[in-house]
Amino acid sequence: MADERAVNTVAAEMEEGGRLTELKGVGPKLAERLQKLGIERLQDLLFHLPMRWEDRTRVVPMGSLRPGDRAVVEGTIQHAETVFRRRRSLLVSLSDGSGAVTLRFFHFSRAQQENLKRGVKLRCYGEARRGRVGLELVHPEYRRVSDDMPVEETLTPVYPATEGLQQARLRDLINQALDRIQKDAALLADYLPPATLPEALRMDLFGALDTLHRPPPSVAMEALMEGSHPARRRLAFEELLAHRLSLRLARARFREDLARPLPGDDRLVRPFLESLAFSLTGAQQRVREEVFRDLEGEAPMLRLVQGDVGSGKTVIAVLAALRAVEAGGQVAVMAPTEILAEQHLGNFTEWLKPLGIRVGWLSGKQASADRRWTLKAIAHGELPVVVGTHALFQEQVRFRDLALAVVDEQHRFGVHQRLALREKGEGEGRRPHQLIMTATPIPRTLAMTAYADLDVSVIDELPPGREPVKTVALSETRRSEVVARVAEACGAGRQVYWVCPLVEESDVLQCQAAEDSARVLAEALPDISVGLIHGRMKAEDKESVMARFKAGEIQLLVATTVIEVGVNVPNASLMIIENAERLGLSQLHQLRGRVGRGSTASSCVLLYRGPLNEIARARLQIMRETNDGFQIARRDLELRGPGEVLGTRQTGAADLRIADLMRDNDLLPEVAKAAEAMLQKYPEAAEALMRRWVGESSRYVSV
Ligand SMILES: Nc1ncnc2c1ncn2[C@@H]1O[C@H](COP(=O)(O)OP(=O)(O)OP(=O)(O)O)[C@@H](O)[C@H]1O
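Bear in mind that the values here come from a model prediction, so they are computed numbers and not experimental data. (Residues numbered from 1 in each chain as written. Predicted model: local features only at pLDDT ≥ 70, side-chain atom pairs only at ≥ 80, totals over all residues. Heavy atoms only, no water.)

Asker: Account for helix α12 (residues 338-352), naming residues and giving values.
Answerer: Compared with the 21 Å implied by 1.5 Å per residue over 15 residues, the 20 Å span of α12 between its first and last C-alpha is a close match. Counting buried positions over the 15 residues of α12 gives twelve, a clear majority of the element. (Helix = DSSP H or I, 4+ residues; strand = E, 2+ residues; numbered from the N terminus. Expected span 1.5 Å × (residues − 1). Buried < 20%, exposed > 50% of the residue type's maximum accessible area, 1.4 Å probe, protein only.)

See the structure below:
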């Protein structure tokens, strides 16, 4: 373990980390492949951690093998033949006295064919599947055995690999690196003073890494797989600490900057509020006050507004924008997708135009003359408000006086992109205020950490009169009833979404599926105007379809999941989601949030293709039971296990390699304490830690 006094010195001396070419078998070609995995130094190999482990420590009798088991079996070849049945394959039947399995190879060499002969004894590792006759192992790892060959002593790690770099090779390299670093501790600096670690996790860095790569026989597979083993937690702690430090410093720097105070005179805010057909909910009022208070200050606002689908976040954004315009500043409104940005453009224009405020539009797909004009108008300050996609981040975009940036669905942008935004405030060297909006329900403590650099406001109340969306799950076989329901809703003057989510891993196929559905529906419903929208359409076309749907000219909109976030057409009151069994809970919730936004009772039909597995069944059940985003997030957590709920994409936190914000949630208070201690006592170690875990992206933070 690192000696407290030595930490700073070690930090200064690190950087070396050892050369890969010191390892047996690493030439320039292999070094290049390793680089693809981000491995440049000996030390980096140690941080390439297993995704899972396999138990190859005992040979399983074939007779007790079940489908789905991954296991080592050992037996003698009884028979081998090459067969042609749809595909050429080599079948080898192996038996051990207790039972038999068939090894199946689709790709095989002549040498393999010759070596795998009757009487040869093999040890294999693979996953057992039900085959034509009995159990099969498809493409198992195998070798010839002699009688006294020992089995593996420790669990076998399985690594994320890359093309041309197989597991066995990686295992060997990592083993070599571990041996090498074990002998020369200077190759791996341990920056964490022992006292900063929670007591249960006090072990040195090398020990923790070694345990994960070569778990001793005493380590239970379950502890490793669940992630509860202290070795993983020790590393997770270190990683979280590095991120905490990085965000903490970014925030400190941000706070050192000055923004233009936007006290406002209500000249625009008042008439806007009066023009609304509704009054703000209590939650909206509270959040408005929080935002306005921030805007009055000299410190740049950095606030996350979190609210369930349809809770009325846009109104808050408009209010903040009006404050900025009252003070003569400019506002940038950014959304992650073209459709969502267009939607904001529509809302902002509708609300701001009557107040005499011009709203500009900037997107990557704009015609160049148009774009040039817009860029100029932004630079001259002629456009007080500009709405757009990430095109607004680009360098050529210069504002005359950017006072406020509104970023919607920020988890799609990422912390670093967002921070880049602040560079765009140029008025008298002042930074813009930032308002970030998200509908992803995240428990509060978690939000505080995932967005450690943000203040958080929550809109925890829906506008009055909203009726919960009534949800049913129907089997695909009852499609014709659903089509009849669509006809009925349209007949009653309502509008309908029909969503065709990703079925295959391909955008093209998804769009095709939507096109097919649109055609079939148009044929089945000749009196109804059917529109189609998907990601591969041109921006103008999407825009015009959305505009026509909004205007009520299109009654039934067939869409891919491009409409997942933000789309707001209050007259739409029926949503059909095809292949609902394939979507996760949060996505289903977002999609369903497109209806139930007006005062008519809305419904959602989840069409599924059976038979359903247990998790899919549970998901559909939860959707039927509740409309509450927070509850859905909680249930999602129970169902999927913590690991997957808050992926990097969703948290907006920079990439986490080991830690998991949900699973390691309990470490966070200690992490926060440790971060303060490190900054005060060991600033250099803190910097090295950030370099190790946060990497390049920490560059914008000057420590
Ligand atoms: N206080 C209110 N009373 C009644 N209706 C409201 C209120 N606030 C907002 N609305 C309306 O509710 C609908 C949803 O609002 P908005 O689009 O702002 O929601 P959102 O939080 O951005 O939702 P999403 O995350 O789903 O995009 C809009 O039609 C809006 O005009």
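Asker: Requested: an account of the sheet that holds strand β11 (residues 359-362), with residues and values cited.
Answerer: Strands pair in a sheet through their backbones, by hydrogen bonds, and they do so in one of two ways: parallel or antiparallel. With parallel pairing, the seven strands of this open sheet are ordered in space as β11-β12-β10-β13-β14-β9-β15. With partners counted over all chains shown, the strands left at the sheet margins are β11 and β15 (455-459), one partner each. The mean angle between the axes of side-by-side strands here comes to 20 degrees, regardless of whether they run parallel or antiparallel. Sheet topology places strand β9 (residues 302-307) next to β15; five bridges connect them, and they run parallel. Directly across from G307, in β15, lies its bridge partner I459. Taken strand by strand, helix α10 (residues 282-296) contacts β9, β13 (402-408), β14 (433-438) and β15, and its axis lies near 155 degrees from that of β15. Taken strand by strand, α12 contacts β10 (330-334), β11, β12 (385-388), β13 and β14, and its axis lies near 170 degrees from that of β11. (Pairing = 2+ DSSP bridges. Axes fitted to C-alpha atoms, helices over the stretch in contact; angles between N-to-C directions. Contact = heavy atoms within 4.5 Å.)

Asker: Which residues make up unusual backbone geometry, and what values do they have?
Answerer: Most peptide bonds take the trans form, and the phi angle of most residues other than glycine is negative. A positive phi angle is found at H139, which is not glycine, with a value near 45 degrees. On the secondary structure map, H139 appears in the loop between β6 (135-138) and β7 (141-144). Of note, the phi angle at N579 is positive, near 50 degrees, even though the residue is not glycine. Looking at where N579 falls in the secondary structure, it is placed in the loop between β20 (572-577) and α19 (585-592).

Asker: Tell me what's going on with the packing of aromatic side chains, and back it up with residues and numbers.
Answerer: Taken as a whole and assessed by the stated rule, the structure comprises four aromatic pairs. Look at F272 and W351: their rings are 5.8 Å apart centre to centre, the planes differ by 80 degrees, and that puts the pair in the edge-to-face class. In this pair, F272 sits in helix α9 (residues 269-275) while W351 sits in helix α12, placing the two residues 79 residues apart along the sequence. Across the pair, W351 and F272 agree in class, each one buried. The ring of F106 has R87 sitting right over it, with the charged end atom 4.2 Å from the ring centre. (Phe/Tyr/Trp six-rings, centres within 6.5 Å; stacked < 30°, edge-to-face > 60°. Lys NZ or Arg CZ within 6 Å of the ring centre and 35° of its normal.)

Asker: Help me get a handle on the pairing of β20, residues and values and all.
Answerer: By the criterion of burial, β20 is predominantly enclosed, with six of the six residues buried. Here five bridges tie strand β17 (residues 495-499) to β20, and the two strands are oriented parallel to one another. Bridge assignment links V496 to a residue of β20, and that residue is L574. With four bridges joining them, β20 and strand β21 (residues 603-608) adopt parallel strand pairing. Within β21, the residue paired with M575 across the bridge is C604. Since β20 and β21 lie parallel, the crossover through α19 that links them has a hand, and here it is right-handed. (Right-handed = clockwise from strand over helix to strand, strands pointing away.)

Asker: So what's going on with the pattern of salt bridges? Which residues, and what values?
Answerer: Between side chains of opposite charge, a pair can form as their charged atoms come close. Within this structure, the stated rule accounts for 35 salt bridges. The salt bridge involving R56 is made with E54; its shortest N-O contact spans 2.6 Å. You can call E54 buried: its relative accessible area is 5%. The salt bridge involving E54 is made with R70; its shortest N-O contact spans 3.4 Å. Of this pair, E54 sits in strand β1 (residues 52-54) while R70 is found in strand β2 (residues 70-85), placing the two residues 16 residues apart along the sequence. (Salt bridge = Lys/Arg side-chain N within 4 Å of Asp/Glu carboxyl O.)

Asker: Account for the site of the ligand, with residues named and values stated.
Answerer: Around the ligand lies a shell of 21 residues, among which Q284, K313, T314, R466 and R597 are the nearest. S279 is positioned such that a nitrogen or oxygen atom in its backbone is 3.0 Å from a nitrogen atom of the ligand. At a separation of 3.0 Å, an oxygen atom of the ligand approaches a polar backbone atom of G312. Bound to the protein, the ligand loses 89% of the 640 Å² it would expose on its own. Here the shell around the ligand gets three residues from one element, more than from any other, and that element is helix α11 (residues 313-326). Shared between two domains, the shell around the ligand takes at least three residues from each, and those domains are domain 2 (257-459) and domain 3 (470-626). (Near = heavy atom within 4 Å. Polar contact = N/O pair within 3.5 Å; in protein donor to acceptor, adjacent residues only side chain to side chain. Areas by Shrake-Rupley, 256 points an atom, 1.4 Å probe, with all protein chains shown as cover. Domains from an automatic or database assignment.)

Asker: Quick rundown of the sheet that holds β21? Include the residues and the values.
Answerer: Pairing is parallel across the open sheet formed by six strands, whose spatial order is β16-β21-β20-β17-β19-β18. Two strands lie at the open edges of the sheet, namely β16 (470-475) and β18 (530-533), each paired on one side alone. In this sheet, adjacent strand axes meet at a mean angle of 20 degrees when their direction is disregarded. Those strands touched by helix α18 (residues 539-550) are β17, β18, β19 (556-559) and β20, and its axis lies near 140 degrees from that of β18.

Asker: Any chance you could break down the environment of L435 for me, citing the residues and the numbers?
Answerer: Assignment of secondary structure puts L435 in strand β14. On the basis of relative accessible area, L435 is assigned to the buried category, the value being 0%. L435 sits 102 residues away from V333 along the chain, and the two C-alpha atoms are 9.4 Å apart. With residues up to four places along the chain from it excluded, the contact list for L435 reads V291, M301, R303, V305, I316, A317, A320, L404, A405, V406 and V407.

Asker: So what about the nonpolar core? Which residues, and what values?
Answerer: Core analysis: the biggest nonpolar cluster contains 62 residues, and L34, L45, F237, L241, M678 and L689 have the highest contact counts within it. Sorting the residues of this core by element identifies α2 (28-36), α3 (42-46), α5 (167-183), α6 (205-213), α8 (230-256), α24 (668-681) and α25 (683-693) as the ones contributing at least two each. At nine residues, α8 tops the list of elements feeding residues into this core. Filtering out sequence-adjacent residues up to four positions away, L241 remains in contact with L192, V671, A674, A675, M678 and L689. Formed by 43 residues, the second largest nonpolar core is a distinct cluster that contains F292, V315, A335 and I459. (Core = buried A, V, L, I, M, F, W, Y, C linked by side-chain atoms within 4.5 Å.)

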